Amino acid sequence: MKRGILERLDAGEVVIGDGGYVLQLERRGYVKAGHWTPEAVVEHPEAVRQLHREFLRAGADVLETFTFYSSDDKLEISGNVTNITGEQINEAACDLAREVANEGNALVAGSVSQTPCYVNSRNEEEVKAIFKKQLDVFMKKDIDFLIAEFFAHGEEAVWAVQVLKTSGKPVAATLCISPEGDLNGVSPGDCAVRLVQAGAQIVGVNCHLDPTCCLKTVKLMKKGLEEAHLKAHLMIQPLGFHTPECNHRGYTSLPEYPFSLESRAMNRWDMQKYAREAYNAGIRYIGGCCGFEPYHIRALAEELEPERGFLPPASQKHGLWGSALATHHKPWVKAKSNRQYWENLRPASGRPLCPSMATPEA
Ligand SMILES: [Zn+2]
């Protein structure tokens, strides 16, 4: 019997989340950019299964169902599916995550995300009905807990939490907001308070901005909760790209979004630094979103090995801090088999005419 998410967090354990599916599967040829819908779970289950497996092997304690943007209204607008229903997509996503999670000790989290309906209608009843349909599938498939993620409006996330709470399963909620707050102008602290009051046991942020910026936002949420005398576990699943511009709307307003983000990719050493800072901030559910590949998740698990007490299977092929190079036959490569080298490296981009920062679109 696997221990649940709250049992793990209440015991003070570190939970490693998984990484990003939608951008990675777009690069691999299974997701279409634009509407970013997850019909690959039905059309190419082997591709989704493989990515789940890589995250599990890298140390993820949770596999999220690949149900990003799989609400009926979003699927309809996308035009990406004709012969597949939303129910089929959500069911197939649950089956894939469960199959792979059971190959290890991972939990399955059913995920819902922001809907076009909220922006178009702001109708609470209609938006809630959309989440309820997805929840019905998650309950039928007996997922372990639920995540409301990638909400730019705290209000919509609160509605999602209220629906998910009816299941009796643990509920996490993460917003894709900046330290300035959500798109309705509500501060991170107030957003966190409202989510916890709605019943979320785990709150934080995901996507849109890099770890440095997301950490600022989660710290503001933590402060808001403390001031309101509320308790909740903290969660963070940022971008795996550097976005030092830290603009309010996030990476979608950067010139490189979405097809030229490679130059901003974080490396494994950046990830170790992020994992340590998140841990020091009191966050215990630490994962990633878009741009987070399996080796990034492995880096989180390796940094937090002292706290967790074990390394993931993928570390069998990775010496800590470059130690795998210790037997290299070229002395100048062998010289890199130490922490100091990698920790102090300032990687060059190899693009002499490129700027280091961009001006985000207004
Ligand atoms: Zn993302």
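Residues numbered from 1 in each chain as written. Predicted model: local features only at pLDDT ≥ 70, side-chain atom pairs only at ≥ 80, totals over all residues.

1. Here we look at the overall build of the protein
Okay, so step 1: Within the protein, the regular secondary structure consists of 16 helices and eight strands.
Okay, so step 2: Expected size for 362 residues packed as a compact globule is a radius of gyration near 21 Å; at 20 Å, the protein falls within 12% of this value.
Okay, so step 3: The principal-axis extent of the C-alpha atoms belonging to the protein is close to 65 × 45 × 45 Å.
Okay, so step 4: Out of the 362 residues belonging to the protein, those deemed buried represent 51%.
Okay, so step 5: A separation threshold of at least 6 residues defines the contact pool for the protein, and within that pool the share at least 24 residues apart is 77%. (Helix = DSSP H or I, 4+ residues; strand = E, 2+ residues; numbered from the N terminus. Rg over C-alpha atoms; globule rule 2.2 N^0.38 Å. Buried ≥ 20, exposed ≤ 12 C-beta atoms within 10 Å, placed from the backbone. Contact = placed C-beta atoms within 7 Å.)

2. Considering the pairing of strand 7 (residues 233–237)
Okay, so step 1: Among the five residues of strand 7, five are classified as buried, and the element is accordingly described as predominantly covered.
Okay, so step 2: A two-sided burial pattern is seen for strand 7, the buried positions comprising His233, Met235 and Gln237 on one face and Leu234 and Ile236 on the other.
Okay, so step 3: In this sheet, strand 7 lies alongside strand 6 (residues 202–206) in parallel orientation, the contact comprising five bridges. Bridge pairing links glycine 204 to methionine 235 in strand 7.
Okay, so step 4: Between strand 6 and its parallel partner strand 7, the chain crosses via helix 11 (residues 211–227), and the hand of that crossover is right-handed.
Okay, so step 5: Strand direction decides the pairing type here: strand 7 and strand 8 (residues 285–286), joined by two bridges, are parallel. Residue pairing in the sheet places isoleucine 236 in a bridge with isoleucine 286 of strand 8.
Okay, so step 6: A crossover connection joins strand 7 to the parallel strand 8 through helix 12 (residues 268–280); in handedness this β-α-β unit is right-handed. (Pairing = 2+ DSSP bridges. Right-handed = clockwise from strand over helix to strand, strands pointing away.)

3. Description of the sheet that holds strand 1 (residues 15–16)
Okay, so step 1: Strand order in the open sheet made by the eight strands is 1-8-7-6-5-4-3-2, with parallel pairing throughout. Two strands bound the open sheet, and with one partner strand each, they are strand 1 and strand 2 (62–64).

4. Notes on the UniProt feature "binding site: Zn(2+)" (unreviewed entry) in the protein
Okay, so step 1: If you check UniProt for "binding site: Zn(2+)" (unreviewed entry), the listed places come out as Cys207, Cys289 and Cys290 in our numbering. For the residues just named, distributed over 84 residues, the greatest C-alpha separation is only 6.3 Å, placing them together at one site.
Okay, so step 2: The topology assignment puts cysteine 207 in the loop between strand 6 and helix 11.
Okay, so step 3: Taking the C-beta count within 10 Å as the criterion, cysteine 207 has 29 such neighbours and is therefore assigned buried. (UniProt positions renumbered as here; feature names shortened; annotations may be inferred.)

5. With respect to the UniProt feature "domain: Hcy-binding" (unreviewed entry) in the protein
Okay, so step 1: According to UniProt, the "domain: Hcy-binding" (unreviewed entry) feature falls on residues 3–304.
Okay, so step 2: When the span residues 3–304 is considered, its composition is 46% helix and 12% strand, and the gap between its end C-alpha atoms is 20 Å.

6. Observations regarding the environment of methionine 139
Okay, so step 1: Secondary-structure assignment places methionine 139 in helix 8 (residues 124–140).
Okay, so step 2: Judged by the 15 C-beta atoms lying within 10 Å of it, methionine 139 falls in the partly exposed class.
Okay, so step 3: Placed 176 residues apart in sequence, methionine 139 and serine 315 show a C-alpha to C-alpha distance of 34 Å.

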